Each structure stands twice: as C-alpha cells, then as structure tokens.
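# Tertiary structure, described
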Amino acid sequence: MTGRAWGALATLYVVWGSTYLGIMLAIRTMPPFLMSAARFLVAGGLLFAISPPRRERLGVRAWVAALIAGGALLTVGNGGITWAEKRVDSGVAALLVATMPLWLALFDRILFGRRLSVAGWAGLLVGLGGVALLVSPGGGGAGTDLVGGLVCVLAAAAWAAGSLYSRHAPLPSQPMLASGMEMVAGGALLAVVGLVAGEGGQVHLSHVSVESALALAYLVVVGSVVAFSAFHWLLRSAPTSIVSTYAYVNPVVAVLLGAAFLGEPMTLRTLVAGLAIVASVVLIVGARMRVPRLRTLVPARHTA
C-alpha cells in the first residue's frame, strides 16, 4: 500500500475509535437521541449534497429502503449506543459494539445458510464468552451497567441486521448517496424517538457546553463525513482484508482514549473480556476476508 493509503487507514483507526469519546462528551449537556438526530441529519445532508451527480431516480422504494436501513443502523444501532453511554463507559461500549461481525456472521448463517469455517465458529464462541464476562454481574469494572451493556449488544445486532438488509435493498448504487439517504432517514427517526422520550424539554442551548458543541461538530464532520470518505477511497485503493482491520483496532483505541481523557478504569476483567472480543473479531474477519458493502458501514462509529 502507498503512504496515502496507510494515512487513510490510520484515520479510520483513530477517528472511528474516537467517536465513542466524542459521544460521551456530547451527551454531557445534550440529550442522547436528539444529539444523534442532529448529527446524522447534518452529516447525511452533507453527504447527500456532495455525492456524485445522480444517474438514478430516487423514488419511494429507495426512500423506504433508506428508512428501514437507517432505522436499524442508526436509530437502533447508533442511537442505542449513544443512550447506553449514559450508563456505561465509552470503552466498554466500544468493546461490546465490536461484536458486530459476530452477529453478522451468525445472521448470515441463519438467514442465508452460509457456512462458517472452524475459525468463524471459534470466533463466535470466544466473542460471546467475552460479552458474557463483560456484562455478567460484577463484570466490566466500575461504571458498568447490565442494562446499558445489553443495549450495546442489541445495538451491535441491529447494525448487523441492517447491514444484511442493505446488501439487497433497492438503494442507489452510489455509496455516498445511499449512505446520505440512510443518515437523513435514520436521523429523522431519531428525532421522533427523542421527542417521544421527552427530550424536547431537555434542550436548552444556553446549557450546552462548548465541549459538547465541539464534540458534536467533530462527530458530524470528522466522525461521519471525513472518515466515511477515507473508507470509501480505501475500498478502491487497498485490499479489503487490510481495510477490515479497523473492526478490531477501533475498540482498542476507544478504550485507551476513554482511560486517558475520561479516567475510565481498565480492570483485569475488562481487559480479559476485551481481549476475547477483539480476538473473536480477528478470527471472524480473517475467516471472511472481506467487509460488507460500503453503504452498510456508515460511521457511528459506525458503527458509533
């Protein structure tokens, strides 16, 4: 790979790993669902605007597909992660969300009958063991919450389900356009969820800290638009087996950033569970030797 390609890969490692820290800072003075709604409505609008000239007609079927995919990937997936970070450390959230390839492989097996290699099955067992250790009573260290942990696991499963749906959904073939549509649709659903949850009364611009505002701007511009563009370029310029390594580097970066900037504890139990989850992702990604289509991997970081 060229130096430019390594630079883009390093961008994915750091940026997508840092979105968990960005989320934690943003929701300190902003409600989680409405913050996420603002993030994806703005980022989706930007991607929609800068996508290549449209050669496809955007009909009702395409927008319905974007609504379903965006609902799974962003409303349940990213929205769930953002809400859960009110209850769990950002590093723990990142480790649990790193199980997404496990769910992707499992759903692939159940729904499409695609066989798993021995390494794939080993990865599933090791990863699920890591999750059980992390969310079991007393696991994960100070600040870990069972409900928040399970919501992170549900978010990862929703991201995997949305990814599988997006493979065959009637979305535009242009990845940036399809992702922009998913972000706009998912952001709109997040706004509805936030208003139903009563977050509208919690929005006071005068109470939003500079730190939270900067974190939201970072999530929109760097975490979504810049990282997505780097990912899009990498898939055309580097082997997918190399690009896919972001899946097991991001949680490590997130844990380190959480410890460094938020003072999140790294207990022995968290480290063992984290190593098991990261090892499982290495086994599964290595066995598959590919990543899902670009349009299914919108940052959420993201996942988050």
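Residues numbered from 1 in each chain as written. Predicted model: local features only at pLDDT ≥ 70, side-chain atom pairs only at ≥ 80, totals over all residues. Heavy atoms only, no water.

### Focus on the packing of helix H1 (residues 3-26) against helix H11 (residues 246-262)
Here is the rule we go by: Between N-to-C directions, angles span 0 to 180 degrees; the directions come from axes that are lines fitted to C-alpha atoms, helices contributing only their stretch in contact. Elements are defined by DSSP. Helices are runs of H or I of four residues or more, strands are runs of E of two residues or more, and each kind is numbered from the N terminus. Geometric relationships in this document are graded by angle, where less than 35 degrees denotes roughly parallel, more than 145 denotes roughly antiparallel, 65 to 115 denotes roughly perpendicular, and other angles denote oblique. Two helices cross in a left-handed way if the nearer one is turned anticlockwise from the farther one by less than a right angle. They cross in a right-handed way if the turn is clockwise. Residue contacts follow a heavy-atom distance rule, with two residues in contact if any of their heavy atoms lie within 4.5 Å. Three residue categories are used. Nonpolar comprises Ala, Val, Leu, Ile, Met, Phe, Trp, Tyr, Cys and Pro, charged comprises Asp, Glu, Lys and Arg, and polar comprises the others, including Gly.
Interaxial distance between H1 and H11 falls to 7 Å at its minimum, and their mutual angle equals 45°. One element, H1, and the other, H11, form an angle in the oblique class. Considering only the axes of H1 and H11, their crossing is right-handed. Residues Leu 12, Tyr 13, Val 14, Trp 16, Gly 17, Ser 18, Tyr 20, Leu 21, Met 24 and Leu 25 of H1 form the contact with H11, whose participating residues are Tyr 246, Val 249, Asn 250, Val 253, Ala 254, Leu 257, Phe 261 and Leu 262. Split by residue class, the contact of H1 with H11 holds 15 nonpolar, three polar and no charged.

### Observations concerning the confidence of the model for the protein chain
Cut-off, in case you're wondering: Think of pLDDT as the predictor's per-residue confidence, scored from 0 to 100.
Averaged over every residue, the pLDDT of the protein chain is 85; residues scoring 70 or more account for 90%. Taking the mean pLDDT of every element in the protein chain, the minimum, 70, falls on helix H10 (residues 240-243) and the maximum, 95, on helix H3 (residues 60-84).

### A look at the nonpolar core
Our working definition: We call a set of buried Ala, Val, Leu, Ile, Met, Phe, Trp, Tyr and Cys residues a nonpolar core when their side-chain atoms join them within 4.5 Å. Exposure classes here rest on a 1.4 Å probe applied to the protein chains alone. A residue is buried below 20% of its type maximum, exposed above 50%, and partly exposed in between.
Grouped together as the largest cluster of nonpolar side chains are 59 residues, with contacts concentrated most on Tyr 20, Met 35, Leu 96 and Leu 134. Top element by residues in this core is helix H7 (residues 146-168). It accounts for nine residues. Listed in part, the 14 residues of the second largest apolar core include Ala 5, Ala 8, Leu 12 and Leu 234.

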